[in-house]
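The residues making up each chain are set out below.
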Amino acid sequence: TGVLLDAGARVDDYAAISSNGLGGQTALWCAAKGGYGAVVRTLLAAGHTVDCADEAGCTPLHCAATHRHVGVAATLVKAGADPLHLADWRRLGMSRCGGKEPPYTPWTCAVQNANPLMVDLFLRHGVSPDEPVLASQGYVCAPLISLLDDRVSEEDGEEKKSDADMTACVMLLIKAGCNLDAVSY
């Protein structure tokens, strides 16, 4: 990466990358998705925009949260990435949920994955434990409900969340003061 940067490569040139058919993903977006922490740090140090989004509005932090790259997510958040950056739900092929826009954010990704390290990171950086998320079944709800109303089965091709991760996430939400009487919206 350093050689390209030394040669004057533009690190957040959306148009050049998008014209190659990748849907607007930048170098930082791809590095975050792949979990390449050193590359993420190099690109940020070179001036890459931290919350650059692809054509669907997904940021590098969406990628890190989706793919469980906690170290990369921590680097991005420290650089100013927004855990509540809202992706364009229409471009992602989603529909309204009970009249509400689906909140597809990095926070949603962390909760859907029942990733306690990512949930803790986002809570420590100011995300409310009651910030609405998009449940894996496609409705909007409180994070506590999303974690516990997990109807995804291994037959659907998704990995079942571990009891330990689920419990750790619930404990983090409770410690952060979530509404224990929350209901789905």
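Residues numbered from 1 in each chain as written. Predicted model: local features only at pLDDT ≥ 70, side-chain atom pairs only at ≥ 80, totals over all residues. Heavy atoms only, no water.

Our focus in this paragraph is the overall build of the protein. Along the protein, the regular secondary structure elements total 10 helices and 2 strands. Taken across its 185 residues, the protein has 42% of its residues classed as buried. Long-range contacts, defined here as pairs at least 24 residues apart, represent 62% of the contacts in the protein between residues at least 6 apart. When the accessible surface of the protein is totalled, it reaches about 9,300 Å², and 52% of it is carbon and sulfur. (Helix = DSSP H or I, 4+ residues; strand = E, 2+ residues; numbered from the N terminus. Buried < 20%, exposed > 50% of the residue type's maximum accessible area, 1.4 Å probe, protein only. Contact = heavy atoms within 4.5 Å. Areas by Shrake-Rupley, 256 points an atom, 1.4 Å probe, with all protein chains shown as cover.)

Once that is clear, we can look at the packing of helix 4 (residues 37-45) against helix 6 (residues 70-78). Running from N to C, helix 4 and helix 6 point in directions that differ by 15°, and their axes come no closer than 9 Å. By the angle between their directions, the pair helix 4 and helix 6 is classed as roughly parallel. As helix 4 packs across helix 6, the resulting crossing turns out to be right-handed. On helix 6, the residues that touch Gly 37, Val 40, Arg 41 and Leu 44 of helix 4 are Val 72, Thr 75 and Leu 76. In terms of residue class, the contact of helix 4 with helix 6 is built from 4 nonpolar, 2 polar and 1 charged. (Axes fitted to C-alpha atoms, helices over the stretch in contact; angles between N-to-C directions. Parallel < 35°, antiparallel > 145°, perpendicular 65-115°, else oblique. Left-handed = near helix turned anticlockwise from the far one by under 90°. Nonpolar A, V, L, I, M, F, W, Y, C, P; charged D, E, K, R; others polar.)

This brings us to the side chain of Ser 146. The residue Ser 146 is located in helix 9 (residues 143-148) in this model. A relative accessible area of 2% means that Ser 146 is categorised as buried. Discounting residues that sit within four places of it in the chain, Ser 146 has contacts with Val 111, Val 133, Ala 135 and Cys 141.

Turning our attention to the side chain of Thr 26. As for its position among the elements, Thr 26 is in the loop between helix 2 (14-22) and helix 3 (27-34). Here the side chain of Thr 26 touches His 48 through a polar contact of 3.2 Å, side chain to side chain. (Polar contact = N/O pair within 3.5 Å; in protein donor to acceptor, adjacent residues only side chain to side chain.)

Packed helices, taken two at a time, are described by their axes: the angle between them and the distance between them. The N-to-C vectors of helix 8 (residues 116-124) and helix 10 (residues 163-175) enclose an angle of 15°; their axes lie 9 Å apart at closest approach. With respect to each other, helix 8 and helix 10 are oriented roughly parallel. Considering how the two elements wind past one another, helix 8 and helix 10 form a crossing that is right-handed. Note on element contacts: helix 10 touches helix 8 through Asp 165, Ala 168, Cys 169, Leu 172 and Leu 173, opposite Pro 116, Val 119, Asp 120 and Leu 123. The class makeup of the residues in the contact of helix 8 with helix 10 is 7 nonpolar, no polar and 2 charged.

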